[in-house]
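# Residue-level structural notes
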Amino acid sequence: MEEKALEVYDVIRTIRDPEKPNTLEELDVVTEKCVEVQELSHDEYLIIIKFSPTVPHCSLATLIGLCLQVKLQRCLPFKHKLEIYISEGTHSTEEDINKQINDKERVAAAMENPNLRDIVEQCVIEPDD
């Protein structure tokens, strides 16, 4: 599973912060330790990501979660279920945000908003593109 976890981490580490010119890896929002992969069946995996916003009142934590969702859905070459959480104790409204970023309907609705979609696209674009 460690190999799969590193594969997942390689996908998310280059996501750019919505406010800063840095990647989530550079800001320690995501680390190798924040990715857990469990085998559900011989060809399907559960991916759990626990990220840490830079400050406890980060107004963009939901947007960061959305970027993680979008990039992983697009880039992972294997069948998976995805759960994304804010690391416990790292945000003042973590429970509410955790519900939002794991609600498929809310994620789909957010991506229908052209302004949000443009921001997400700028964050998830590969540096080489």
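Located above this text is the structure these notes cover.
It should be emphasised that the depicted structure is a prediction, and the values quoted were computed from it without experimental measurement.

### What about helix H3 (residues 94–101)?
Within H3, burial applies to Glu94, Ile97, Asn98 and Ile101. Along the axis of H3, the buried residues cluster in a sector spanning 105°; they form a single face. Turned more than 90 degrees from where H3 packs its buried face, Glu95 and Lys99 sit exposed. The secondary structure elements touched by the buried residues of H3 are strand E2 (44–51), helix H2 (61–75), strand E3 (79–86) and helix H4 (104–112).

### A closer look at the sheet that holds E3
Taking strand neighbours across the sheet as the criterion, the 3 strands line up as E1-E2-E3 in an open arrangement whose pairing is mixed. Of all strands in the sheet, those with a lone pairing partner are strand E1 (35–41) and E3, marking the two edges. For this sheet the average axis-to-axis angle between neighbouring strands, irrespective of direction, equals 20°. As paired elements, E2 and E3 share 8 bridges and run parallel to each other. By the bridge assignment, Phe51 is partnered in E3 with Ile86.

### Focus: the pattern of salt bridges
The full count for this structure, using the stated rule, is 5 salt bridges. A salt bridge links Glu121 to Arg74; the nearest nitrogen and oxygen atoms lie 2.5 Å apart. Separated by 47 residues along the polypeptide, Glu121 in helix H5 (residues 114–124) and Arg74 in helix H2 bring together distant segments of the chain. One continuous salt-bridge network, built from bridges that share partners, spans Asp10, Arg13 and Glu25.

### A few points about the pairing of E3
A one-sided burial pattern is seen for E3, the buried positions being His80, Leu82, Ile84 and Ile86 and the unburied ones Lys79, Lys81, Glu83 and Tyr85. Viewed along the sheet, the connection from E2 through H2 into E3 turns out right-handed.

Cut-off values and rules
- Residues numbered from 1 in each chain as written.
- Predicted model: local features only at pLDDT ≥ 70, side-chain atom pairs only at ≥ 80, totals over all residues.
- Heavy atoms only, no water.
- Buried < 20%, exposed > 50% of the residue type's maximum accessible area, 1.4 Å probe, protein only.
- Helix = DSSP H or I, 4+ residues; strand = E, 2+ residues; numbered from the N terminus.
- Arc of directions from axis to C-beta.
- Contact = heavy atoms within 4.5 Å.
- Pairing = 2+ DSSP bridges.
- Axes fitted to C-alpha atoms, helices over the stretch in contact; angles between N-to-C directions.
- Salt bridge = Lys/Arg side-chain N within 4 Å of Asp/Glu carboxyl O.
- Right-handed = clockwise from strand over helix to strand, strands pointing away.

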